[in-house]
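These are the residues of each chain, in order.
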Amino acid sequence: MKLIVNHRSDENYVYKEAVLHCEEKELPFYFQFPKNTEKDLTERADPFVISLIFVMMQLGGGVCEVIGAPLSLSVQKNMTKFSKIWHFWRPDLYSAVTFSATNIQGRETPKNLDTISTFSGGLDSTFINYLIAKNIDNPSNLKIKKSILVHGADIPLSDEVAFHTIRSHIEEMTDDLGIELIPVKTNVKNSFIHWGHAHGSLFVGIMSFFSKTISHAITSDYSYAYFEIPHGFNAFTDKYFSSEEFDFHLGGTDYTRTERAAVIKNWEKAIKNLHVCYEGIDNAHNCGVCEKCVRTKLNFKAAGLDHLDCMPSDLTISQFTKNELVYEACLIDFYKDALLFGIEHQTLRKDWVLALEKQIKKWEKLTSPEKSFVLNLYHVLILIYRKLNLRYKFLLKNRH
């Protein structure tokens, strides 16, 4: 296996490109950055190796020869260990990788507290950027200077309109926090077989392109209250994203989702611009009725906020009592979190508490190991119905 990297630029953009050769396959990848970031971007191969490690593991692993740029020795060692752990967890999907490269050691510039983050516009990323920028809980005294918004991650490359709409919403928040938002475009996600496993490496890899001038990276994912293995970010392999040149931090893991909502509930820019929807037809706006939208509205209601300007409607009891799609145990825990927070802080009325308790018991019964084939089929049919219903409403709304 060979990884050949290249760097080029034009009047508007900087392109970091790579071709991964494996037997008869040639897979081209690219990362597109705004031209004004060129001075901040490393020319080392480190970001490519981190971003593409799951593709390499999927293709059978083995020795990968890195050509076209030097590889930091610590990144070489850490990504080798990283791949061995994932091979241990999922030998059916991934094989271990070692690297042959021209090695280099040490930072390109003196170490500092400057930090780069991710900012998708969701609750987790909005929370962590606010938490650190406002110095609410920042024991490492990190200084977020830049944040990346990745086109080709949550928003498909084909939807330029949605990406630019979400970018404008996020910029209202980053401008308010004094953070420079950097749009990045990449095609790497298209080659992953399991986004839930690989997303962490992609985001850390993209942030590490800025390791020439920035020493730290931070993002947020699941709280450890909902910890599961394997997952793209986890306590076992996150440490291998850090190196002698670049430190990675997974922030806010001791905050539940409702506690995160409580942190930002009074930030007007967030309440206006949050984007959490993953099931709606319109990639640029929250549908208000999918599981993620309903759950987010519940998080904020439990935190004491009934209305979100970013949502087309306020939460009703019937929205979550009609929701039959909580088929993963960790999702039930999200609702338990909101229930317990609301009870403790007396922010949920008795009728809401009773309705949530009843619904959680129902979901727990549906997700038990004894769940029948009929119930599994029922879940699938409900999912199809809801997607078709959302599609119908979207077409009806936009028919003119």
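Throughout this description, residue numbers start from 1 for each chain and increase along the sequence as written. pLDDT decides what is reported in this predicted model: residues at 70 or higher carry local features, side-chain atom pairs at 80 or more are listed and counted, and totals for whole chains, interfaces and linings draw on all residues regardless. Heavy atoms throughout the structure, all of them, feed into the side-chain values; hydrogens and water do not.

Topic: the sheet that holds strand S10 (residues 180-186)
Working step 1: Reading across the sheet, the 10 strands line up as S6-S4-S1-S2-S3-S10-S9-S8-S11-S12 and stay open at both edges, with mixed pairing between neighbours. The open sheet has two free edges, formed respectively by strand S6 (97-100) and strand S12 (247-250), since each of these has just one partner strand. In this sheet, neighbouring strand axes are inclined to one another by 25° on average, regardless of whether the strands run parallel or antiparallel.
Working step 2: At least two bridges found by DSSP between two strands is the condition for calling them paired. By the criteria applied, helices consist of DSSP H or I runs no shorter than four residues and strands consist of E runs no shorter than two, each listed in order from the N terminus. Looking at chain direction, strand S4 (residues 62-67) and S6 are connected through four bridges and run parallel. Looking at S6, one finds that Val63 is bridged to Thr98. Between N-to-C directions, angles cover 0 to 180 degrees, with each direction set by a line fitted to C-alpha atoms, over the stretch in contact for helices.

Quick look at the nonpolar core
When a protein is soluble and globular, its nonpolar side chains tend to lie buried together.
Working step 1: Definition of nonpolar core: a set of buried residues of the types Ala, Val, Leu, Ile, Met, Phe, Trp, Tyr and Cys, connected through side-chain atoms within 4.5 Å. Classification of residues uses two cut-offs on accessible area relative to the type maximum, computed with a 1.4 Å probe and protein chains only: under 20% is buried, over 50% is exposed, and between them is partly exposed. Grouped together as the largest cluster of nonpolar side chains are 54 residues, with contacts concentrated most on Leu3, Phe33, Phe54, Met79, Phe82, Phe99 and Phe210.
Working step 2: Among the elements that make up this core, the one with the highest residue count is helix H1 (residues 46-58) (nine residues).

What about a negative patch on the surface?
Working step 1: Together, Asp175, Asp176, Glu268 and Asp309 make up a negatively charged patch on the protein surface.
Working step 2: With respect to the helices, strands and loops of the structure, Glu268 is situated in helix H7 (residues 268-273).
Working step 3: The exposure class of Glu268 is exposed, given its relative accessible area of 63%. Surface patches are drawn from residues lacking salt bridges whose relative accessible area is over 30%; two like charges belong together within 9 Å, two nonpolar side chains (Val, Leu, Ile, Met, Phe, Trp, Tyr) within 5 Å. Per-residue and other accessible areas were derived by the Shrake-Rupley procedure at a 1.4 Å probe size, with only the shown protein chains allowed to occlude residues. Salt bridge criterion: a side-chain nitrogen from Lys or Arg within 4 Å of a carboxyl oxygen from Asp or Glu. Asp and Glu are treated as the negative residues and Lys and Arg as the positive ones, with His and the ends of the chain left uncounted. Just so you know, the charge point we use is NZ for Lys, CZ for Arg, CG for Asp and CD for Glu.

Some remarks on helix H2 (residues 73-89)
Since the α-helix turns once every 3.6 residues, residues separated by three or four places project in the same direction.
Working step 1: The span expected for a helix works out to 1.5 Å for each residue beyond the first. Over its 17 residues, H2 extends 25 Å from the first C-alpha to the last, a length consistent with the 24 Å expected when each residue adds 1.5 Å.
Working step 2: Within H2, burial applies to Ser74, Val75, Gln76, Asn78, Met79, Thr80, Phe82, Ser83 and Trp86.
Working step 3: Should any heavy atoms of two residues lie within 4.5 Å, those residues are considered in contact. Among the structural elements, H1, strand S5 (71-72), S6, strand S7 (103-104) and helix H5 (195-208) are those in contact with the buried residues of H2.

No statement about biological role is implied by the geometric values presented.
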